[in-house]
Amino acid sequence: DTAVSQTPKYLVTQMGNDKSIKCEQNLGHDTMYWYKQDSKKFLKIMFSYNNKELIINETVPNRFSPKSPDKAHLNLHINSLELGDSAVYFCASSQGTSYGYTFGSGTRLTVV
Amino acid sequence: AQSVSQHNHHVILSEAASLELGCNYSYGGTVNLFWYVQYPGQHLQLLLKYFSGDPLVKGIKGFEAEFIKSKFSFNLRKPSVQWSDTAEYFCAVLGTGFQKLVFGTGTRLLVSP
């Protein structure tokens, strides 16, 4: 059973489109995250939710909107996609905010 | 604020060579420290972590790391690397009171057979 699963694994889309990435964890964790990994492999946090409540919102364009319908799910919706949004997006979860994170397998987004 | 620096961006070793990857963090308070590995095309996997206690922590696949508080360091070591250790290695810090794991820029390790 996959602990943190993301869909889709690959996403190729045109500039200006709107797309969503879904994430689900079956670990019973109460905190979930979205990280962006750029072409140089640098990982930067975007958002974090704890029990469906937004607790971290880094400096991210407001075209990015996370949604957490319940503590096991955290989705990421992106409006008006731009070339610079091309990256690998990783979902992660943890029990509380002081422990190691479990990462999903990533979604490689390519905007053309 | 908390930050992490990894000094080696690219490391090339032959099989059986010893490995040490540097990691320094900046945060004056209590920290939890982690090393993650990302194999080509895969997600991040936890290699090892330090929360408290013995500063020498052992992880999976023969890796270990030593926390030296006075040097704000958490270097990763392995006595003898294998070709399958080829991957990107990330050091990360979580400071007490912060709610996010901050990663270093990563070190790409290439082990030649």
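Reading the values: the criteria
- Residues numbered from 1 in each chain as written.
- Chains lettered and ligands numbered in written order.
- Predicted model: local features only at pLDDT ≥ 70, side-chain atom pairs only at ≥ 80, totals over all residues.
- Heavy atoms only, no water.
- Helix = DSSP H or I, 4+ residues; strand = E, 2+ residues; numbered from the N terminus.
- Rg over C-alpha atoms; globule rule 2.2 N^0.38 Å.
- Buried < 20%, exposed > 50% of the residue type's maximum accessible area, 1.4 Å probe, protein only.
- Contact = heavy atoms within 4.5 Å.
- Areas by Shrake-Rupley, 256 points an atom, 1.4 Å probe, with all protein chains shown as cover.
- Lys, Arg positive; Asp, Glu negative; His and termini not counted.
- Charge placed at Lys NZ, Arg CZ, Asp CG, Glu CD.
- Buried area = accessible area lost by both parts, 1.4 Å probe.
- Salt bridge = Lys/Arg side-chain N within 4 Å of Asp/Glu carboxyl O.
- Polar contact = N/O pair within 3.5 Å; in protein donor to acceptor, adjacent residues only side chain to side chain.

## Notes on the overall build of chain A
For chain A, the count of helices and strands is 0 helices and 11 strands. In sequence order, chain A lays out its α and β elements as β-β-β-β-β-β-β-β-β-β-β. The globule rule puts the C-alpha radius of gyration for 112 residues at 13 Å, and the 13 Å found for chain A is close to it. If you line up chain A on its principal axes, its C-alpha atoms span 35 × 30 × 25 Å. A total of 112 residues make up chain A; the buried ones form 45% of that total. The long-range share in chain A, meaning contacts at least 24 apart out of those at least 6 apart in sequence, stands at 54%. Carbon and sulfur atoms make up 48% of the accessible area of chain A, which amounts to about 5,400 Å² in all. Separation of charge centres in chain A, based on 12 positive and 10 negative side chains, amounts to 6 Å.

## Some details on the interface of chain A and chain B
With 20 residues of chain A at the contact, the number on the chain B side is 19 residues. Taken over both partners, the interface formed by chain A and chain B buries close to 1,700 Å², and the fraction arising from carbon and sulfur atoms is 60%. It is K41, L43 and F103 of chain A in chain A that bury the most area against chain B; as a group they hold 30% of the surface buried on that side. For K100 of chain B, the salt bridge identified is with E58 of chain A, shortest N-O distance 3.1 Å. Our count for the chain A to chain B interface comes out at 5 residue pairs in polar contact (both at pLDDT 80 or more). Every element with two or more residues in the side of chain A that touches chain B is listed here: strand 4 (31-37), strand 5 (43-50) and strand 6 (53-57) of chain A. When residues of the side of chain A that touches chain B are assigned to their parent elements, the largest contribution, 3 residues, is made by strand 4 of chain A.

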